[in-house]
Amino acid sequence: MNHEDIAKFIQSLHDADLKMTAEDIADTLWLALQMAEKDEVPFTSLPHDPLPLITTKPPEPSLPYEFPSHHPEPENTTEARGEVYLPTRKQSTEHKTHRGGKSARMPAAPALRGFLPLGRALRPLRRRGISRKGFVLNEQATAHRIAEMKKRLWLPVLEHAPVRYFDLALVIDQSASMIFWQQTIAELRTHLERLGAFRDIRVWQMTTDEEDSVRLYAGARPITAEQPIHNPRELIDPTRRRLIIVITDCISPAWYSGKVQEVLEIWGRKNLVTLLQMLPQRLWPRTALCASEAVEISATAPGTANIRLKMPVFQMRTANKLAIPIPVVTLDRGVLTPWVRMALGIESAKVAGIIFPDNLRSIFAAAVPGQNEDEAFSPQLRVQDFQAAAPPAARKLARLLTATPVITLPIVHVIQQTMLSESEASQVHVAEVFLGGLLREVARNGTTVQPEYIEYEFLPGIKEELERALPRPDKYQVLREVSAFMENRLGFSHSFLGLVATPNLSEDFSISEESRPFAKILARVWRRLGGEYNQLADLLEQRLDGHSSGTDTIVTPITTSTTEYKEEVRIETFLSPLFMAADRKGKQSTSVVCPSCFKEIYPGNCRIVIGDTGKVVRDVPAPRDWFNLGRTRNNPEKITLQQYIQESRQRECTNCGYRLPYNIERVDHNITFAVVGDVFSGKSHYIASLVHQLKENWINALNEQTDLMCLTPGVEEAFIKDQLNTVFGKKHILPVTAPSVDERADPLIYHLAVSISPQRPPTSANLMIYNASGEDFREERLVQFARFVFNKGAFVFVADPVMIPSIFDQLPLFLQANIQKTLGPIVRRRAADVLSTTLSLFERYHGYPEGSALKETPVAVMLSKADLLKYDPRINHYTFTKKPPPSTDFSLEDIDEVDLEVRDFLRHYQQGDLIAATHGLKQVKFFAASATGEPPDENGNFRHIGPYRCLDPVFWILYRFGIIEAKL
């Protein structure tokens, strides 16, 4: 295609008033080229060896579906004749050999009409649940987290995948009588999949034609001898989130013998089983449902199994092993709506159901007519019996069928679509006609069970009886409407194949009178296909006009098959000389990290407020005032200690509004104390004892050299009330820390000022103590709810010796029982896992290589609950098992001795992986401490509270930061 052709094509589109963009035109041309490469076949001559015909015996190989098909010319050609036909067992004697054929796709009418009301009834089933196994990536939250981490740490945010609450198992009864519902069931399945109400839809097939057995097959493909038979228990879902719908008409032998009911009872004990009866309720007395008892059913929970369904007591009259209520529904919105409400557990919804008795075989033994009795009916009696029981629409359909030379299900659907009103075009009427004793099967292809391959005819004398009530104009209208329908709807997705023999142009053939309507359809179809099919259409129309005699040509319609110390709190109001000296230091930073949201901010750009009133003392410059923004950023206004003490003057974080420590930009060190550990490891008790010892022991003894002031009085007030008062006042254990639901933190911040010598200025530090639940230190939650671990500070890893089996087993039995009672079940998780996970994420966040020394980050690994170790006689000589002498000096020798003892202890109890996890770290020490001095009793109470060695990790960390000096 050259440029001129493309220009002409664009001009043609413009002349046709088709508004297409350049991209649309390019896509159209590309698609045309692709189609030409695959589908276009140049016409040279008609094939000389056409496709084989369908006869009473299946062809070898099976029916091809490609067209057009070209085969090489055989050496010996014989005179060919074109035949258009239907498969029949009564093959003409003239059909001695197979002839070639062309296949053309023609539409079939939909068997399930008006699904929109049914879809509206089923729409509430779109209820969503949370997947127990699947997770999905929250792209927006992941991108937000990566941006917050400044691309330092790339971790996905995973959420439980939202899934549909129910999945669906469609069990299709594959009895002989269900063959008329195949297209309806296929369309129903397609509509259910498009509805999107179920997590998954699986199709199962159940054969019920044998009286003493029921076989279950997976999938919707035709059943073959090679297919494995499945156990009915495979359909059971222990989570009870599966709905099992059995599609049936309840008239096959296994329904009357009770074998199907046994399978339903197996499913109904675990899941909700429902019968989808294809026949209307007025016909149920003529099925196996006639022996059942009608009940009214309701449910109290979604997906309630049948055995737990509620029904009135007075209706429980057939109490037996099979007496489980089974809901029965039809393809009617008025019936499906209450069933959907019941399936969702709405107790007010009442659904009609049944209970089968256990003696079905004896009940129906005398009700089955004999063969001779059945054959004794005359055609007149059969027609009279049918007309007496059938509704007008079914009677009308039976009469119209007498006007078509062939009776197949696709043709019946076409007649319904074109000749009957919407209220009359129900598949129920088709079943009533086919099961009304009027028709019999004429031909079935032995290789398949597809209903569209089967031809039917009226029993002798029946057609004549029905024809009498069919006006002649209606007879011809049937043929005209069927022809027009298939011609106008050519190319629809619901289609059947019209097979026709393809003769040579020079050869003669003829068309029988009864096949002429379908030959006309085929000629119009070929005319619309174009290409070589135009010549075929010409040939066929010539034969139609000439009425030549010869071998009959017949069209075959074949349908293709279409998921809580003290209660009072006192804020320090004295102006300590140490604090005043530290406050006069001129060092300041232009950027800091917010202790709450962990975002980097500029104190100079934060507004200053008075804490009690919220009055703004200094506001933030306007975003477009670049000069003032830069000036205030580089020279933040200073908040003095006196201003903070007297006015509670503080800055607000520009990102989250958190009230920042007044000196955050001038203090020597902002140290994050991240206390990390698993659930029940004793982190909260340790922090309570740590703060208690800092305030009551160490600081009070050294008040001439050290001062400590809380910069978060509101947080400390709550901490004293909830933590210190519980442990040191009430002498009771603390409750388990609940997992966080807020990404922002609210740390306990103390301002520490230490004077090493009178000649040197004091060193100051803000100690920011964080605590979190053990669950928050798991990898999937740490980045979101324990982000403080990424701040450059210090780690205190708390390892619980109770989680070591050999330690726990050495404890007295009463103590084991007390621990289990107060702490709950022991869930053993190695402390090395928590340590490794946290250090790995810390390295990745800061861009350090794996196994980095972390030279600027002290890591203290501490055994908690050291008082429990006294029960091991082997380690009674260890230093860390005894309370240290009262001294305020920090001894580095004592720290090193404890470090060696704890390492030896861990190796002895096969916890070397905890030591191995710290290999390569530049600053790491092992400690042991007891937050209470003794374990609690069975009621969670302590007799005495005597914490010891809780300050050891903090002393060492402060020493590593150069804040305090050690005694050598």
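Predicted, not measured: the structure shown is a model, and the values here were computed from it.

Undergrad: Explain the environment of Gln-816 here, please?
TA: Tracing the backbone shows Gln-816 in helix H26 (residues 813-823). Exposure remark for Gln-816: the relative accessible area of 13% places this residue in the buried category. Once the C-alpha coordinates of Gln-816 and Val-802 are considered, the two residues, 14 residues apart in sequence, prove to be 9.4 Å apart. Contact partners of Gln-816, with chain neighbours within four places excluded, come to Phe-808, Asp-809 and Leu-811. Of note is the side chain of Gln-816, whose polar atom sits 2.9 Å from the backbone oxygen of Leu-811.

Undergrad: Honestly, the sheet that holds strand E5 (residues 201-207) in this entry has me stumped. Any pointers?
TA: Paired through backbone hydrogen bonds, the strands of a sheet run either parallel or antiparallel to each other. Reading across the sheet, the eight strands line up as E6-E5-E4-E7-E8-E10-E11-E9 and stay open at both edges, with mixed pairing between neighbours. With partners counted over all chains shown, the strands left at the sheet margins are strand E6 (215-218) and strand E9 (293-297), one partner each. When strand polarity is set aside, the average angle formed by the axes of neighbouring strands in this sheet is 35°. Examined bridge by bridge, strand E4 (residues 167-173) and E5 share six bridges and lie parallel to one another. Opposite Ile-172, over in E5, you have Gln-205 as the bridge partner. Helix H5 (residues 182-195) rests against E4, E5, strand E7 (242-248) and strand E8 (272-277) of the sheet, and its axis sits at about 180° to E4. Contacts between helix H7 (residues 259-268) and the sheet are confined to E4, E5, E6, E7, E8 and strand E10 (326-329), with E8 contributing the most and set at about 140° to the helix.

Undergrad: Is there a simple way to explain the sheet that holds strand E19 (residues 616-618) in this structure?
TA: Sheet architecture is open: three strands sit in the order E19-E18-E20, paired in antiparallel fashion. With one partner strand each, in any of the chains shown, E19 and strand E20 (649-651) form the two edges of the open sheet. The mean angle between the axes of side-by-side strands here comes to 35°, regardless of whether they run parallel or antiparallel. Pairing analysis gives two bridges linking strand E18 (residues 608-610) to E19, with the strands arranged antiparallel. Its bridge partner lying in E19, Ile-608 is registered against Arg-618.

Undergrad: Whenever I open this one, the environment of Pro-460 confuses me. Can you help?
TA: For Pro-460, the location among the structural elements is in the loop between strand E13 (455-458) and helix H15 (462-467). C-alpha separation for the pair Pro-460 and Ser-378, spaced 82 residues apart in sequence, amounts to 9.4 Å.

Undergrad: Can you walk me through the packing of helix H13 (residues 409-419) against helix H14 (residues 427-434) in this structure?
TA: Two quantities define a packed helix pair, namely the angle between the axes and the distance from one axis to the other. Between H13 and H14, whose axes approach to 11 Å, the crossing angle comes to 130°. Of the possible angle classes, the one that applies to H13 and H14 is oblique. By crossing handedness, the relation of H13 to H14 is classed as right-handed. Along the contact surface, H13 presents Leu-409, Val-412, His-413 and Gln-416, while H14 presents Gln-427, Val-430 and Phe-434. Broken down by class, the residue content of the contact of H13 with H14 amounts to four nonpolar, three polar and no charged.

Calculation notes
- Residues numbered from 1 in each chain as written.
- Predicted model: local features only at pLDDT ≥ 70, side-chain atom pairs only at ≥ 80, totals over all residues.
- Heavy atoms only, no water.
- Helix = DSSP H or I, 4+ residues; strand = E, 2+ residues; numbered from the N terminus.
- Buried < 20%, exposed > 50% of the residue type's maximum accessible area, 1.4 Å probe, protein only.
- Contact = heavy atoms within 4.5 Å.
- Polar contact = N/O pair within 3.5 Å; in protein donor to acceptor, adjacent residues only side chain to side chain.
- Pairing = 2+ DSSP bridges.
- Axes fitted to C-alpha atoms, helices over the stretch in contact; angles between N-to-C directions.
- Parallel < 35°, antiparallel > 145°, perpendicular 65-115°, else oblique.
- Left-handed = near helix turned anticlockwise from the far one by under 90°.
- Nonpolar A, V, L, I, M, F, W, Y, C, P; charged D, E, K, R; others polar.

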